Number of protein chains: 2
Amino acid sequence: MPLYIKSVENLINEFRKLPGIGPKSARRIVFYLLNQPKKEIKQFSDALIEMKGKARFCKICFNLSEEEVCSICKDQSRERKKICVLESASDVAVIEATGEYRGLYHILGGLLSPIEDRGPNEIRIPDLVRRAKEGDIEEVIIALNPTVEGESTATFIKKVLKDTAIRVTRLASGLPVGGDLEYADELTLGRAISNRGEF
Amino acid sequence: MPLYIKSVENLINEFRKLPGIGPKSARRIVFYLLNQPKKEIKQFSDALIEMKGKARFCKICFNLSEEEVCSICKDQSRERKKICVLESASDVAVIEATGEYRGLYHILGGLLSPIEDRGPNEIRIPDLVRRAKEGDIEEVIIALNPTVEGESTATFIKKVLKDTAIRVTRLASGLPVGGDLEYADELTLGRAISNRGEF
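Residues numbered from 1 in each chain as written. Chains lettered and ligands numbered in written order. Predicted model: local features only at pLDDT ≥ 70, side-chain atom pairs only at ≥ 80, totals over all residues. Heavy atoms only, no water.

A. Structural detail: the overall build of chain A. Tallying secondary structure elements over chain A gives eight helices and six strands in all. For chain A, the α and β elements follow one another from N to C terminus as α-α-α-β-β-α-β-α-β-α-β-α-β-α. A globule of 199 residues ought to have a C-alpha radius of gyration of about 16 Å, yet chain A, at 22 Å, is considerably larger. Judged by the C-alpha coordinates and their principal axes, chain A covers about 65 × 50 × 35 Å. (Helix = DSSP H or I, 4+ residues; strand = E, 2+ residues; numbered from the N terminus. Rg over C-alpha atoms; globule rule 2.2 N^0.38 Å.)

In structure tokens:
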């Protein structure tokens with residue numbers, strides 16, 4: 001005998017597939033939904049279907065879009081000679097929220113990983129190189145996570161663009177604003193020292 | 001301009017309504033779903049609708065059920081003179097998983113709370129009293145959380161059943177198995193001392 005009735009078990013299992021949701025959270029969510037009006041559940045279910053029906057990826061930069069080309073790629077007021085390279089389309093909002101960047105984007109959709117068998121062709125690096133060379137681009141800003149995979153992907157991109165006039169930069173590493181020297185790890189502190197600047 | 005396209009924003013908002021899911025988890029889940037095949041999303045969406053269509057509450061004990069009377073209330077092999085009182089239908093699985101209880105259940109659907117204006121009539125205490133008196137019940141086992149609201153609900157139930165021959169018991173309080181004296185709070189330790197027993 002399953003713990004709950006089948007329809008409830010099924011839904012718990014669907015929630016358990018989601019990232020960051022374990023068996024207890026899934027159960028808690030489903031029992032919450034059991035007490036919601038039918039209308040709310042219908043709305044949730046419709047939002048899932050609609051998202052999957054409408055969301056696609058921009059054919060230029062692979063950002064989320066409802067049309068073939070996303071609103072950022074279409075926006076002629078942006079600085080069209082800069083491309084910011086991101087791992088995932090979800091990172092676009094993070095960069096946009098800073099208000100510090102007004103250029104274009106390129107979403108890799110992953111990082112180089114020998115372990116997971118992901119090479120440059122799996123993560124849209126050829127598209128980036130083509131865009132950079134054909135698009136009269138002046139700067140490629142690499143904004144990948146400062147992890148081993150992020151760093152090696154950054155190094156790879158720098159290498160393939162070496163013979164061009166394009167400036168390849170990456171986000172500064174250093175102390176978080178409001179951070180504390182004592183709590184910084186050695187690597188971050190080391191970077192902060194070697195990247196020190198006049199003020 | 002919203003951070004993402006509308007259909008994605010909508011779905012993020014739907015996930016944010018769920019208990020324990022904040023803005024970052026919601027975003028992470030939606031971007032995960034964006035990369036899932038359409039079939040998976042359809043299955044998720046269908047599971048939501050089906051759950052809401054099929055799940056209802058047993059008219060006797062208010063446990064989850066797909067029929068008018070739940071499988072536990074129908075099961076003639078269970079000890080039908082014992083009722084275990086629970087706050088929520090989600091607690092049934094927790095008790096069943098122990099394998100220590102083979103009686104019936106009664107789900108209150110909440111606890112007494114003067115602050116939230118929940119009195120005995122709001123939490124199916126009259127149904128419990130009627131069941132206990134009419135059903136030839138010998139024992140009512142109160143398995144509510146050992147919180148202020150849980151304790152006062154337990155005390156209230158004990159009081160309303162005082163004039164009957166029904167034994168009203170509650171779960172033992174004490175040290176968790178594998179727990180450590182040093183980490184037990186004074187209240188729990190005090191209960192463990194006053195409930196001490198031969199072994």
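This is not the end of the story, as more comes after the structure.
B. Expanded view of the interface of chain B and chain A. Opposite the 52 residues of chain B that make contact, chain A presents 52 residues. Of the roughly 4,800 Å² buried between chain B and chain A, counting both surfaces, carbon and sulfur atoms make up 73%. Its largest share of buried area at the contact with chain A, chain B owes to Leu48, Met51 and Lys52 of chain B, together 14% of the area lost on that side. Scanning the region where chain B abuts chain A turns up 15 residue pairs in polar contact (both at pLDDT 80 or more). Contributing elements (two or more residues each) for the side of chain B that touches chain A: helix H1 (6-16), helix H2 (23-34), helix H3 (38-54), strand E2 (64-65) and helix H5 (91-98) of chain B. (Contact = heavy atoms within 4.5 Å. Buried area = accessible area lost by both parts, 1.4 Å probe. Polar contact = N/O pair within 3.5 Å; in protein donor to acceptor, adjacent residues only side chain to side chain.)

C. Here's a closer look at the nonpolar core. Among the nonpolar cores identified, the biggest contains 80 residues, and Val8, Phe15 and Leu33 of chain A together with Val8, Phe15 and Leu33 of chain B are the most heavily contacted of them. Not counting the four nearest positions on each side in its chain, Phe15 of chain B is found in contact with Phe15, Leu18 and Phe44 of chain A together with Ile21, Ala26, Ile29, Val30, Leu33 and Phe44 of chain B. (Core = buried A, V, L, I, M, F, W, Y, C linked by side-chain atoms within 4.5 Å. Buried < 20%, exposed > 50% of the residue type's maximum accessible area, 1.4 Å probe, protein only.)

D. Here's a closer look at the sheet that holds strand E3 (residues 79-86) of chain A. All names here are of chain A. Ordered by their spatial adjacency, four strands build an open sheet running E4-E3-E5-E6, and the pairing between neighbours is parallel. A strand with exactly one partner marks an edge of an open sheet, and here the two such strands are strand E4 (103-107) and strand E6 (167-170). Taken over all neighbouring pairs, the strand axes of this sheet differ in orientation by 25 degrees on average, direction set aside. Where strand E5 (residues 139-142) and E6 come together, four bridges link them in parallel fashion. (Pairing = 2+ DSSP bridges. Axes fitted to C-alpha atoms, helices over the stretch in contact; angles between N-to-C directions.)

E. Highlighting the environment of Glu14 of chain A. Examined against the element boundaries, Glu14 of chain A turns out to sit in helix H1 (residues 6-16). Distance from Glu14 of chain A to Pro114 of chain A, taken between C-alpha atoms, is 31 Å for residues 100 residues apart in sequence. Residues in contact with Glu14 of chain A, not counting those within four places in the same chain, are Glu40, Gln43, Phe44 and Ala47 of chain B. Engagement of the side chain of Glu14 of chain A in a polar contact is seen with the side chain of Gln43 of chain B, the distance being 2.8 Å.

F. Inspection of the domain arrangement of chain A at higher detail. Segmentation of chain A into domains returns domain 1 (6-54) and domain 2 (74-198). Distance between the C-alpha centres of domain 1 of chain A and domain 2 of chain A: 35 Å. (Domains from an automatic or database assignment.)

G. View of the packing of aromatic side chains. Applying the stated rule across the entire model yields nine aromatic pairs over all chains. When the ring of Phe15 of chain A is compared with that of Phe44 of chain B, the centres are 5.0 Å apart and the planes differ by 85 degrees; the resulting orientation is edge-to-face. Placement of the pair is Phe15 of chain A in helix H1 and Phe44 of chain B in helix H3, with the two residues belonging to separate chains. By relative accessible area, which is 2% here, Phe44 of chain B ends up buried. Ring centres of Tyr4 of chain B and Phe31 of chain B lie 5.2 Å apart, and the angle between their planes is 65 degrees; on these two criteria the pair is classed as edge-to-face. Linking Tyr4 of chain B in the segment before H1 with Phe31 of chain B in helix H2, this pair joins segments that are 27 residues apart in sequence. (Phe/Tyr/Trp six-rings, centres within 6.5 Å; stacked < 30°, edge-to-face > 60°.)

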